[in-house]
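Residues per chain are reported as follows:
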Amino acid sequence: MRTTTPAPARRRRTKVRLLAAALGLAASGAMALPTAHAAAPQDRGADRLAQVTDAVEQSGVRGIAWHTDEASGRVVVTADASVSRAEIATLRKAAGADAAALRVERARGVFRPLLDSGDAIYGGGYRCSLGFNVVRDGAYHFLTAGHCGDVAGTWYTDAQQRTLIGPTVHSSFPGNDYALVRYDNSGLSHPGGWTAAEAYVGESVKRTGSTTGTHGGEVTALDVTVRYTGSGTVRDMIQTNVCAEPGDSGGALYDGDKALGITSGGSGDCRSGGTTFYQPVTEALAKYGATLY
């Protein structure tokens, strides 16, 4: 026959055992509070994250890029070096009760469109980079950055503007960052060999530009909104940790023979590293009814 202990006595013994176990863990160093990184993501609905995104958008803070990270249930804001602590506080205040849904990260340098004077393709006193050659309505064109197309109506192969390439047919910036330039000089070659593709997070990629040549890295985020310092806001961008510098704007982002994006802007340089953003090439092709070849 099994005897039973009265309930009050059982509860007292249980409390003693639990307390002893907790004290033992603390003494051995095995008991620790969870860190912010170890904590399980809170269940924030899509509506709440959309509200936080809107708050970041409406904050007016420049020099930031943001996207929704569904895995952590947070809106990730990357702030460049121009963003002050007070402006970070402004972002959190704008998010209000949902400020915990913000994760703020820092990037070196200042986010800006990578436009400068130099070599490669020239127009309007600026230098940019050719992205991808395309065909539209049976004629040869190429894609470059929209903020490049906005400053030059005609492009040349040299700074002295002696060798014509052709005119900017269309450009879109801000909002997007792509432009279409037509080849009017039949003496220029325009090689192809690309296939349009969508980028994915973690993808190993390369970028080629007229200032720094070819550099590699990986895709770190998609569907990113960037508000450039002293310039406009662009949306649905590809974010990478590939370096770039002024003059690399318009250049190609790719993975093997897969054409992924057009260099828009970023921060840092190719000595210390940086953060860069790219206009997806598929959107530009769809806009212009153009095809890679």
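Residues numbered from 1 in each chain as written. Predicted model: local features only at pLDDT ≥ 70, side-chain atom pairs only at ≥ 80, totals over all residues. Heavy atoms only, no water.

Some thoughts on the pattern of salt bridges
- Evaluated as defined, the whole model comprises 11 salt bridges.
- Where arginine 162 meets aspartate 158, a salt bridge forms, and the shortest distance between an N and an O atom there is 3.3 Å.
- We classify arginine 162 as exposed; its relative accessible area is 66%.
- With relative accessibility at 12%, the residue aspartate 158 sits in the buried group.
- Of the charged contacts, one joins aspartate 255 and lysine 258 as a salt bridge, the two residues approaching to 3.5 Å between their closest N and O atoms.
- Within this structure, Asp69, Arg103 and Glu105 form a network of salt bridges that share partners. (Salt bridge = Lys/Arg side-chain N within 4 Å of Asp/Glu carboxyl O. Buried < 20%, exposed > 50% of the residue type's maximum accessible area, 1.4 Å probe, protein only.)

Points about the environment of aspartate 177
- Within the secondary structure layout, aspartate 177 lies in the loop between strand S10 (164–172) and strand S11 (178–182).
- As a C-alpha pair, aspartate 177 and glycine 146 span 31 residues in sequence and 4.2 Å in three-dimensional space.
- Every residue in contact with aspartate 177, bar those within four places of it in the chain, is listed here: Thr144, Ala145, Gly146, His147, Ser172, Val234, Met237, Ser264 and Gln279.
- Polar contacts involving the side chain of aspartate 177 include one to the main-chain amide nitrogen of glycine 146, which spans 2.7 Å.
- Polar side-chain contacts of aspartate 177 include one of 2.6 Å to the side chain of serine 264. (Helix = DSSP H or I, 4+ residues; strand = E, 2+ residues; numbered from the N terminus. Contact = heavy atoms within 4.5 Å. Polar contact = N/O pair within 3.5 Å; in protein donor to acceptor, adjacent residues only side chain to side chain.)

Re helix H3 (residues 85–95)
- Of all the residues in H3, the buried ones are Ile88, Leu91 and Ala95. Down the axis of H3, the buried set is contained in an arc of 55 degrees. They therefore lie on one face. Projecting away from the buried face of H3 at angles above 90 degrees are the exposed residues Ala86 and Lys93.
- Among the structural elements, helix H2 (46–58), strand S1 (64–69), strand S2 (74–79) and strand S3 (102–106) are those in contact with the buried residues of H3.
- Of the residues trailing H3, glycine 96 is marked for its positive phi of about 60 degrees. (Arc of directions from axis to C-beta.)

Remember that the coordinates give geometry; whether it matters functionally is a separate question.
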